[in-house]
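Geometric and topological summary
These are the residues of each chain, in order.
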Amino acid sequence: MAMQKFFSVLLPDVKRELRRGIIECSKRGLLHTTKWLAEMHHGLADVHIDNEAPDEDRTFSECQLEGIAPEEYSDYFLAKSYYDVREYDRAAHAVRNCESSVPRFLHFYSSYMAREKRRLDSTTDQANLHEPNQMRDLADLLATLRMEYGKSRLDGYGIYLYGVVLKALNLNQAAEQMLVQAIRLVPMLWSAYLELSPLIMEKKKLLSLQLGGHWMRHFFMAHTYLELYLNDDGLKIYEDLQASGFSKSIYLIAQMALVYHNKRDVDKAIELYQALLESDPFRLDNVDTYSNLLFVKEMKTEMAQLAHKAVSINKYRPETCCVIGNYYSIRCDHQVAISYFQRALKLNPKYLAAWTLMGHEFMELKNTNAAIQSYRKAVEVNKRDYRAWYGLGQAYEIIKMHYYSLYYFKIAHQLRPYDSRMLVALGETYEKLDKCENAVKCYWKAIDVGDIEGIAMYKLANLHEKLGDHETAVHCYIMYCEDERAATDKQSLYQGFITLANYYEKKSEYERAAYYAYKCLDSEDRKMEAKALLKTIDWKRNAEGQKKVKTTSAVANADTSSEDEMEWEMQDVRVRVPITSIATTTTSTTTAAAESASSSSLISLRPDRNLIQGMRRSQASRTSLTAPASSTTTTPSATAVTMSTEEAPGTSGGTSNPPEQAPSDDNSSMEISSVSID
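Basis of the calculations
- Within every chain, residues take consecutive numbers counted from 1 along the sequence as written.
- With pLDDT at 70 or above as the cut-off, local features in this predicted model cover only qualifying residues; side-chain atom pairs require 80 or more to be listed or tallied, and sums for whole chains, interfaces and linings still use all residues.
- Note that the side-chain values use all heavy atoms of the structure and ignore hydrogens as well as water.
- Helix and strand definitions follow DSSP, with helices as H or I runs of at least four residues and strands as E runs of at least two, each counted in order from the N terminus.
- The contact criterion used throughout is that any non-hydrogen atoms of two residues lie within 4.5 Å.
- The method behind every accessible area is Shrake-Rupley, applied with a 1.4 Å probe, and residues are considered shielded solely by the protein chains displayed.
- UniProt positions are given in the numbering used here, feature names are shortened, and annotations may be inferred rather than shown by experiment.
- As a rule, the C-alpha atoms of each element are fitted with a line to give its axis, helices using only the stretch in contact, and angles between N-to-C directions run from 0 to 180 degrees.
- Orientation categories follow fixed angle ranges, with anything under 35 degrees roughly parallel, anything over 145 roughly antiparallel, 65 to 115 roughly perpendicular, and all other angles oblique.
- Each crossing gets its hand from how the near helix is turned against the far one by less than a right angle, where anticlockwise is left-handed and clockwise is right-handed.
- Think of it this way: a Phe, Tyr or Trp ring, Trp meaning its six-membered ring, pairs with another when their centres are within 6.5 Å, and the plane angle makes it stacked under 30 degrees, edge-to-face over 60, tilted otherwise.
- Only when the NZ of Lys or the CZ of Arg is both within 6 Å of the ring centre and within 35 degrees of the ring normal is a charge said to sit over the ring.
- Confidence of the predictor at the level of single residues is captured by pLDDT, which takes values from 0 to 100.
- For salt bridges, the criterion is a side-chain nitrogen of Lys or Arg within 4 Å of an Asp or Glu carboxyl oxygen.
- In this scheme, a residue with accessible area under 20% of its type's maximum is buried, one over 50% is exposed, and one in between is partly exposed, where area comes from a 1.4 Å probe on protein chains only.
- One less than the number of residues in a helix, times 1.5 Å, gives the span that helix is expected to have.
- The directions from the helix axis to the C-beta atoms are what the arc is built from.
- The term polar contact refers here to a pair of N or O atoms within 3.5 Å; inside protein, the definition further demands a hydrogen-donor-capable atom paired with an acceptor-capable atom, and it admits residues adjacent in sequence only when both atoms are side-chain atoms.
- Each nonpolar core is a collection of buried residues, namely Ala, Val, Leu, Ile, Met, Phe, Trp, Tyr and Cys, held together in the definition by side-chain atoms within 4.5 Å.
- Domain delimitation follows an automatic or database domain assignment.
- What makes a patch is a set of residues exposed beyond 30% relative accessible area and free of salt bridges, joined within 9 Å when like-charged and within 5 Å when nonpolar (Val, Leu, Ile, Met, Phe, Trp, Tyr).

**Concerning the overall build of the chain**
- A tally of regular secondary structure across the chain gives 36 helices and zero strands.
- Within the chain, contacts between residues at least 6 apart in sequence are counted, and of these 58% link residues at least 24 apart.
- Carbon and sulfur atoms provide 52% of the accessible area of the chain, an area that totals close to 36,200 Å².

**Comments concerning the UniProt feature "repeat: TPR" (unreviewed entry) in the chain**
- Within the UniProt annotation, "repeat: TPR" (unreviewed entry) is assigned to residues 250-283, 318-351 and 352-385.
- Helix makes up 79% of residues 318-351 and strand 0%, whereas the separation of the span's terminal C-alpha atoms amounts to 8 Å.

**Overview of the packing of helix α18 (residues 300-314) against helix α19 (residues 318-330)**
- In contact at an axis separation of 9 Å, α18 and α19 are set at 150 degrees when each is read in the N-to-C sense. Considering their axes alone, α18 and α19 lie roughly antiparallel with respect to each other. Once α18 is placed against α19, the crossing between them reads as left-handed. Contacts between α18 and α19 involve Lys 300, Met 303, Ala 304, Leu 306, Ala 307, Ala 310, Val 311 and Asn 314 from the former and Thr 320, Val 323, Ile 324, Asn 326, Tyr 327 and Ile 330 from the latter.

**So, the packing of aromatic side chains**
- Counted under the stated rule, the structure contains 29 aromatic pairs.
- Ring plane angle 40 degrees and centroid distance 5.5 Å describe the contact between Tyr 193 and Phe 220, whose orientation is recorded as tilted. Within this pair, whereas Tyr 193 is found in helix α11 (residues 190-196), its partner Phe 220 is found in helix α13 (residues 216-227), the two being separated by 27 residues in sequence.
- Against the face of Tyr 157 rests Arg 28, its NZ or CZ located 4.0 Å from the ring centre.
- Geometry around Tyr 82 places Arg 90 over its ring, the cationic atom sitting 4.0 Å from the centre.

**Brief notes about the confidence of the model for the chain**
- Here the chain averages 79 in pLDDT, and 76% of its residues register 70 or above.
- The low-confidence segment residues 561-678, where pLDDT is below 50, has 39 contacts with residues more than four positions distant or belonging to other chains.

**Things to note about the pattern of salt bridges**
- Going through the model one piece at a time under the given rule, you end up with 31 salt bridges.
- The partner of Lys 80 in a salt bridge is Asp 84, with the nearest N and O atoms 2.9 Å apart. Residue Lys 80 and its partner Asp 84 are both found in helix α5 (residues 73-84); the two are separated by four residues, about one turn of the helix.
- You can call Asp 84 partly exposed: its relative accessible area is 45%.
- Residue Arg 90 pairs with Glu 87 through a salt bridge whose shortest N-O separation is 2.8 Å.

**A closer look at the side chain of Thr 429**
- Examined against the element boundaries, Thr 429 turns out to sit in helix α25 (residues 420-432).
- Residues contacting Thr 429, with those up to four places away along its chain left out, are His 402, Ser 405, Leu 406 and Phe 409.

**Quick word on α5**
- Compared with the 16 Å implied by 1.5 Å per residue over twelve residues, the 16 Å span of α5 between its first and last C-alpha is a close match.
- Residues Tyr 76, Ala 79, Lys 80, Tyr 82 and Tyr 83 constitute the buried set of α5. For α5, the angular spread of buried residues about the axis comes to 160 degrees, placing them on one side.
- Close packing links the buried residues of α5 with α2 (11-27), α6 (88-94) and α7 (101-122).
- A positive backbone phi angle near 65 degrees is found at Arg 86, which sits one or two residues after α5.

**Side note on unusual backbone geometry**
- The backbone phi angle of Asn 286 is positive, close to 65 degrees, even though this residue is not glycine.
- Within the secondary structure, Asn 286 sits in the loop between α16 (266-279) and α17 (287-296).
- Residue Asn 286 is classed as partly exposed on the basis of its relative accessible area of 22%.
- Unusually for a residue other than glycine, Cys 332 sits at a positive phi of about 65 degrees.
- By secondary structure assignment, the location of Cys 332 is in the loop between α19 and α20 (334-347).

**Examining the side chain of His 214**
- Mapped onto the fold, His 214 is located in the loop between α12 (203-208) and α13.
- Engagement of the side chain of His 214 in a polar contact is seen with the side chain of Glu 17, the distance being 2.7 Å.
- For His 214, the side chain forms a polar contact with the main-chain nitrogen of Met 216, separated by 3.1 Å.

**Topic: the nonpolar core**
- Core analysis: the largest hydrophobic core is formed by 103 residues, its most contacted members being Leu 196, Phe 219 and Tyr 238.
- Both domain 1 (19-49 + 57-66) and domain 2 (281-382) contribute no fewer than three residues apiece to this core.
- Non-local contacts of Leu 196, meaning those with residues more than four positions away in its chain, are made with Glu 176, Leu 179, Val 180, Ile 183, Leu 209, Leu 211 and Phe 220.
- Formed by 76 residues, the second largest nonpolar core is a distinct cluster that contains Tyr 229, Cys 321, Leu 423 and Tyr 480.

**Here we look at the environment of His 32**
- Topologically, His 32 is positioned in helix α3 (residues 31-42).
- A relative accessible area of 69% places His 32 in the exposed class.
- The spacing of His 32 and Ser 191 is 159 residues in sequence and 7.3 Å in space, taken between C-alpha atoms.

**Looking at a nonpolar patch on the surface**
- A surface patch of nonpolar side chains, about 350 Å² in accessible area, is lined by Ile 398, Ile 399, Met 401 and Tyr 404.
- As for its position among the elements, Met 401 is in the loop between α23 (386-398) and α24 (402-415).
- Residue classification places Met 401 among the partly exposed positions, given a relative accessible area of 31%.

Put into structure tokens, the structure is as follows:
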């Protein structure tokens, strides 16, 4: 709905308002607003208006002199010339007695700029940004502006200055009210929007502001969305602005590059910055952000070229010093990098990027105390800078003050709720404080929002392993190791591989264990452990193979013994008839006949000697497969039969023993027959 109202504004009217704003801000010395309005005006070069004058009723010269009394022309022109060469005290003195709106604003604004200049000149690297002496100077100016506001002698520009002074004295609520009022009176005053934006801490408050229905509020909304890291909302507005006729605006291109920088779409952001430098090769605004992107991509050659180009344009710009500091930082010359960041801060003590980057350099040098001081100064400049809060958390983590680091990580997470790095940092801190349940929640949330660094799942697996929940830990390790390319920390990846290999080796799943162990052979730190594990897996595989072979052989021997026993029993049935017949016929014959009968029976048994040997083998096999008690219980009659059978044809001590006379009764013969069967 808001964008439909914006589209209803005609571009010629927009261009005419921009031109009028340029004149009004220029004659009051609001240089940055004039510059911004001029860039926006240049982006509408293709839009033609019928009357080239900034106002339909007045000429260009009339607009320039509007708000200045004719009798004050000479004082105003003198004061403006002093102001342009940064002689602010002389400018304020020249128009001290003027009563018209423009010279009076120039007097107050020159007084403010003179105090700011003195503060910046006296500020050292270790000084507080809000020194008491400077605050007293601003308090005097505040009293004057409050009195003028009470008398209703301040126009929209004067109310804007009143809000700026209130904000400098940390009277933020009153400052917000004054800045909103100034915007409603002077909607083209871009600097008022910039001063108001840092006071907005959440989207709900932004939407509740009563700024009026002017089309400039869309630029303010998009800018504040970026400050709140609501990048998608800001990008949507910028795309709509481009579609409505601002496609050639340099400012919009730079802001969209900043959106992609915040979204970590580095390639797209670099592409936009390169296009920006091609269209405006001497632009230094936002060049520090471009340098950060080149640093992330480790494009050292491009960083060197950018540093040389920035120095050739203006070596005394804070952005130039920041670019040079980044170049020395990527070369690991951290001390020189710090010196350039300090130089940038001498030029502009409120230069946020320099404070934050200098803190990073002190962290690289293990100078934790200096890093903490730098990050605190960054927070003083902008309380929404999540990098500074995150840096404070890391610094206190190094000195093992975990409750402090938890506090700062929580603030960073509030500023970047969908940044997995903040959630992982919170999880690690909770883990160190033995609040494992909170740590698990943080790690899972980091995975859900999109793990930038690719370590949340590893941290989660490691935590479950420490808690003894090995099944969950293995599940997490498997998910972590599935995508090897996404893992940024290779040592953590190899740790996951070796953990899975040991787990599956203990569960006797040797194929999967060997698979993960082979993965670790590419790591120098894990190679020896992986080789030892592979040897263990190979030995266990061989041991299981031999065990299976022995089991198979035992089963085969048992089958063979049963077949031999069956063969013996079948042959024993065939010889049972002659033995029985011999036993029954011996009672009615003489001794000679008995010997003859015995000899004939022994002769008939000699061809079946294999039968006796088979019986012994069968007994031996039964003895080995049965309990020891069964092997010692032998039937006496069976032993006698065996011995008589062996001794019949053989000799003992060279003498031949006569065969034992068979019993005469039938019962005895039946007993022998049954024993031979058994």
